[in-house]
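Listed below, chain by chain, are the residues.
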Amino acid sequence: MKKRILTGDRPTGKLHLGHYVGSLANRVKFQQEGMECFFIIADYQVLTDRLYTRDVEQNIYEVLLDYLSVGIDPKKSVIFIQSHVPELAELFVYFSMLVTVSRAQRNPTVKEEIKSVGHGKKMSVGMLSYPISQAADILLFRPDLVPIGEDQLPHLEQTKEIAITFNRTFKKVFPVPETLLSKTPRLLGLDGHQKMSKSRQNAIYLSDPVDIVAQKIKKAVTDSGREIIFDPIKKPAISNFLTIFSFCSGRDIKELEEAYQGKGYVEFKSDLTQVVNDFLEPIRKKRKEFASDPKFIREILVEGTKKACEEGEKTMKLVRKAIKFDYPRIFE
Ligand code: TRP
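Residues numbered from 1 in each chain as written. Predicted model: local features only at pLDDT ≥ 70, side-chain atom pairs only at ≥ 80, totals over all residues. Heavy atoms only, no water.

Moving on, we get to the packing of helix 8 (residues 210-219) against helix 11 (residues 265-291). Viewed as axis vectors pointing N to C, helix 8 and helix 11 meet at an angle of 145°, and their least axial separation amounts to 9 Å. Here helix 8 and helix 11 pass one another in a crossing that is right-handed. Counted together, Val210, Val213, Ala214, Ile217, Lys218 and Lys219 of helix 8 and Lys269, Leu272, Thr273, Val276, Asn277, Leu280, Glu281 and Arg284 of helix 11 form the full contact between these two elements. (Axes fitted to C-alpha atoms, helices over the stretch in contact; angles between N-to-C directions. Helix = DSSP H or I, 4+ residues; strand = E, 2+ residues; numbered from the N terminus. Left-handed = near helix turned anticlockwise from the far one by under 90°. Contact = heavy atoms within 4.5 Å.)

As C-alpha cells, this is what we get:
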C-alpha cells in the first residue's frame, strides 16, 4: 500500500525560498518516492486574520504556480481548494463537538497568533477553532503522514487528539496520522528577523526576477566582524546565508567556510546572488510557462478538487454512519 501524505498552505501570496527549503523540496521528494500526495490550498484559513483585505483567487493561483514550478506534478499529486470540498465544513461541525473551549484555548500557536494580532478579548470563534478545521483538513483524507513546520505542531497534537476521541467515542474511522517535522532549518528573514515571511517583506520569492534577488541580497543585513563562518548564535545572518548558499548550490557548509576564508562579505554576497539566481532560473522559467496557460492550470484545480471530494465522500459515509447521522437526506 502506498503511503498517503497530506499538507498544504494558506493562499496569502507567492511562496518564497523559506517555503522551498522547509517544505516544498520535501514534497517533491515524497512525490518521487511514490507516496500518494494531497496538497490543500487552505483558503478558509486566510479568513482567520485577513477578513477584510485579501485576494484569495489570485493567491490560489500564485501558490499553485509555485507548486508546479518547483516540480509538484498534478498527475501524481492531488492539489485542491479547501472551500470547494463541502465535506470539510461538515466534518468540522462534527469535530467541533468533540473539543472543549478550554482545550481550544490551550493551543500555543493560536495563543501566539492572538497575541501578535492583539485580538485579546475580541478574538473570533473562527480564530479559536481553525485548528479544529485543520484537523478536518487532515483527517478527511486519512493520511499516514503529515509533513509540517514546527509552528504547526500544536495543530497536529490537536488533530491526533480529535482522531483518538472520535474513534473512542464512536467507531474507529481515523488512523492517527504521524507528524513529520521538517529537518531543514527555518530560513531567517533578510532583515535578520526570525522567519522569512510575506508580511515583513524580508523574503526572496521563488518568482523574484534576477535584479530583485540581487537588490535584496545586497541590502540584506549582515553580522559584525568579517569572517564567514557558520555560527547561528554569534553570526545569525551569515549562517543563514550559508544555509541558503549550501541549499542552492549543493555544496557543504564546511566547504563553503573554507572557500571563503579571508574573503569579505561583498564577494560572498555577490557569489550568493549568483548561486540563488542560478537555482531560481529553472523555477522562474517553468512558472512563466505554466502562467501562460491559464486554462490548463485551472483544470489542475478542477481535477484535484474533484478527487478530493471523492475521497472526502468516502470518509464521510463512514463518519455519518459512526455518529448515527446517516439518515436519508430529504433531497436524495
Ligand atoms: N496552517 C497551515 C499553515 O498556515 C496551512 C494548513 C491548513 C495545513 N490546513 C492544513 C497544513 C492541513 C497541513 C495540513 O501553513
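Another point: helix 3 (residues 86-96). Those residues of helix 3 that sit buried are Glu87, Leu88, Glu90, Leu91, Tyr94 and Phe95. Each buried residue of helix 3 lies within a common arc of 165° when the element is viewed along its axis, so the set occupies one face. Next to the buried residues of helix 3 lie strand 2 (36-41), strand 3 (77-81), helix 6 (125-139), helix 7 (153-169) and helix 12 (294-322). (Buried < 20%, exposed > 50% of the residue type's maximum accessible area, 1.4 Å probe, protein only. Arc of directions from axis to C-beta.)

Here helix 12 contains 29 residues, and its C-alpha end-to-end distance of 42 Å stays within 8% of the 42 Å for a straight helix at 1.5 Å per residue. Note on helix 12: the residue one or two positions beyond its end, Lys324, has a positive phi of about 55°. (Expected span 1.5 Å × (residues − 1).)

The assigned domain composition of the protein is domain 1 (4-186 + 296-322) and domain 2 (210-290). For domain 1 versus domain 2, the distance between C-alpha centres works out to 32 Å. With 15 residues of domain 1 at the interface, the matching set in domain 2 holds ten residues. Taken over both partners, the interface formed by domain 1 and domain 2 buries close to 1100 Å², and the fraction arising from carbon and sulfur atoms is 74%. Scanning the region where domain 1 abuts domain 2 turns up two salt bridges. Across the pair Arg287 and Glu62 runs a salt bridge whose closest N-O atoms are separated by 2.8 Å. If you look at where domain 1 meets domain 2, you find two residue pairs in polar contact (both at pLDDT 80 or more). (Domains from an automatic or database assignment. Buried area = accessible area lost by both parts, 1.4 Å probe. Salt bridge = Lys/Arg side-chain N within 4 Å of Asp/Glu carboxyl O. Polar contact = N/O pair within 3.5 Å; in protein donor to acceptor, adjacent residues only side chain to side chain.)

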